[in-house]
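Chain by chain, the residues:
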Amino acid sequence: MQEILISSSQKIHFATDPDWTTNGGGYSFHHGYGAGMVDATAAVSKAESWQNLGTRQSTSLSSAPLQAEIPDNLPSGLDVSLEFPDSQLRIEHVRLTVDIDHKYRGDLVITLTSPDGTVSRFTEAHDDAGKDINYTFLSVHHWGEYPAGIWTLNVSDREEFDNGTLNNFTI
């Protein structure tokens, strides 16, 4: 059902908005609007001749223990990569689990870039005085891509005075 809705959705709210991007699988996504507005007529039409996808499969990679310092107040941040081997799997959902020690997690911006160059933004700098992040995020922005290649996690601290450490992560 998700495949049908994503593939039949329409860009909304200024289709020329620069946050609209086309991923390596040929699907358009926006960090605020997802795949866009559901087009019920197009979805029903597509569903009438739909062929089911193959059996659900999953794969994951985890970093070694990193204890990598996140540079304070540096927009370019820390880049850490993992390389997925060749695979015939086609992505639907990407889960990113991060374990970060930080004194003020609202300073952090976390992104993940696929081998095709598609960027998922998981957090933005915001007012959150809580400490640490040990959380699993989910993205559909890589829908239709293939996982083989280098995936790059970027964690950047956008404000002064609070240090942090990326302990590890799993994709």
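Residues numbered from 1 in each chain as written. Predicted model: local features only at pLDDT ≥ 70, side-chain atom pairs only at ≥ 80, totals over all residues. Heavy atoms only, no water.

The subject of this paragraph is the sheet that holds strand β6 (residues 108-113). Overall, antiparallel pairing links the 4 strands, which are arranged β4-β9-β6-β7 in an open sheet. The open sheet has two free edges, formed respectively by β4 (74-84) and β7 (119-123), since each of these has just one partner strand. Each neighbouring strand pair of the sheet contributes to a mean axis angle of 20°, computed without reference to strand direction. Pairing of β4 with strand β9 (residues 149-157) involves 8 bridges; the strand directions are antiparallel. Following the sheet pairing, phenylalanine 84 is matched in β9 by glycine 149. (Pairing = 2+ DSSP bridges. Helix = DSSP H or I, 4+ residues; strand = E, 2+ residues; numbered from the N terminus. Axes fitted to C-alpha atoms, helices over the stretch in contact; angles between N-to-C directions.)

With respect to the helices and strands, glutamate 3 occurs in helix α1 (residues 2-8). Residues in contact with glutamate 3, not counting those within four places in the same chain, are Tyr27, Trp50, Leu53, Arg90 and Trp143. (Contact = heavy atoms within 4.5 Å.)

Right, let's talk about the layout of surface pockets for a bit. By volume, the largest pocket is sized at about 680 Å³. If you trace the largest pocket, you find 23 residues lining it, with Gln57, Ser58, Arg90, Glu92 and His93 closest to the centre. Considering each element in turn, the lining of the largest pocket owes the most residues, 4 residues, to strand β5 (residues 94-102). Here the lining of the largest pocket is composed, by residue class, of 10 nonpolar, 9 polar and 4 charged. (1 Å grid on protein atoms, 1.4 Å probe; cavity = no way out; pocket = protein on both sides within 12 Å on 5 of 7 lines; lining within 4 Å. Points joined across faces, edges and corners; volume = space filled by probe spheres on them. Nonpolar A, V, L, I, M, F, W, Y, C, P; charged D, E, K, R; others polar.)

Before going further, it helps to examine the pattern of salt bridges. The tally for this structure, following the rule as stated, stands at 4 salt bridges. Ionic pairing is found between arginine 90 and glutamate 3, a salt bridge with its closest N-O pair at 2.7 Å. With a gap of 87 residues between them, arginine 90 in the loop between β4 and β5 and glutamate 3 in helix α1 connect regions that are remote in the sequence. Overall, glutamate 3 belongs to the buried group, its relative accessible area being 8%. One salt-bridge network, in which partners are shared between bridges, spans Asp19, Arg121 and Glu124. (Salt bridge = Lys/Arg side-chain N within 4 Å of Asp/Glu carboxyl O. Buried < 20%, exposed > 50% of the residue type's maximum accessible area, 1.4 Å probe, protein only.)

Just geometry here; none of it tells us what the structure is for.
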